[in-house]
Amino acid sequence: MARMVEENEVRAALSPFEWGRIAVLAADQGLYANSQAAVDGLLPVASRAKRSKIRSFALIFAELGDMLVHGDQMQERQGLRRSSALREAGDAALRAALEGVRDPKTFGEEWEALEPVVAEIEAGRAPSDAPKPGRPKAAPPGPDWERDTLRLASGFTVTRYTDGTDQIIRIGGRLADREIGETAMHAIKRVLDLP
């Protein structure tokens, strides 16, 4: 895998987003324990700064790759701002912003929806709860809810919200489709159903 990626890099320089995608997919296929290990394994002689940058783009791909149409056009500065926002506030606000973008022709259109949310997070504010025209928004957890998030090597994120005795589980990430949701529901049913 490392040799194949290296040969492709010689033919055409890969963007940080493409490197991040390769790292996540390599981890998803079980070639590495996680995307961080994939970055180290695929780029053993790269500088520490380059590996750190690619890890940031791997986070973007893992969290938002299923929604981004033109992620490979993302500029480095935009990507680093977005990954920082993901670390600060998670993916929910950024995913909600992308839901309103229909059939984008360029990454600029995607960034136009994301930039205000990123700017709010950078300013130390929670993303605005004001409804945005044309963008459906799920009701956010209440202010007293506790939140635990697991980031799995497979690219999934599992977030558990706790409100008193109620537990809400959210599955996100690149591959979290309806089938995964149904599989998770059946697994939970097996655990909770009485014999």
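Here, every reference points to the structure presented above.
Conventions we followed
Residues numbered from 1 in each chain as written. Predicted model: local features only at pLDDT ≥ 70, side-chain atom pairs only at ≥ 80, totals over all residues. Heavy atoms only, no water. Phe/Tyr/Trp six-rings, centres within 6.5 Å; stacked < 30°, edge-to-face > 60°. Helix = DSSP H or I, 4+ residues; strand = E, 2+ residues; numbered from the N terminus. Buried < 20%, exposed > 50% of the residue type's maximum accessible area, 1.4 Å probe, protein only. Salt bridge = Lys/Arg side-chain N within 4 Å of Asp/Glu carboxyl O. Core = buried A, V, L, I, M, F, W, Y, C linked by side-chain atoms within 4.5 Å. Contact = heavy atoms within 4.5 Å.

## Quick notes on the packing of aromatic side chains
- Summed over all chains, the structure comprises two aromatic pairs.
- Judged by centre distance (5.9 Å) and plane angle (75 degrees), the ring pair of Phe17 and Phe61 falls under edge-to-face. Placement of Phe17 in helix 2 (residues 16–28) and of Phe61 in helix 4 (residues 48–64) is noted, with a sequence separation of 44 residues between them. Comparing Phe17 with Phe61, the two get one shared label, buried.

## Here's the deal with the pattern of salt bridges
- Counted under the stated rule, the structure contains eight salt bridges.
- A salt bridge links Asp66 to Arg95, with the nearest nitrogen and oxygen atoms 2.8 Å apart. Of this pair, Asp66 sits in the loop between helix 4 and helix 5 (76–89) while Arg95 sits in helix 6 (residues 92–99); the two residues are 29 residues apart in sequence, bridging distant segments of the chain.
- With a relative accessible area of 13%, Arg95 lands in the buried category.
- Here Glu115 and Arg81 are joined by a salt bridge, their closest N and O atoms 3.0 Å apart. Placement of the pair is Glu115 in helix 7 (residues 107–122) and Arg81 in helix 5, with a sequence separation of 34 residues.
- Arg81 sits in the buried class, given a relative accessible area of 17%.
- Shared partners join several salt bridges into a network, and the residues in it are Asp40, Arg51 and Arg55.

## Considerations on the nonpolar core
- Among the nonpolar cores identified, the biggest contains 23 residues, and Phe17, Ile60, Leu68, Met74 and Leu94 are the most heavily contacted of them.
- Breaking this core down by element, the ones donating at least two residues are helix 2, helix 4, helix 5, helix 6 and helix 7.
- It is helix 4 that contributes the most residues to this core, seven residues altogether.
- Residues within four places of Ile60 in sequence aside, it is in contact with Phe17, Gly65, Leu68, Met74, Gly79, Arg82, Ser83 and Leu86.

Shape is all these values report; function is a separate question.
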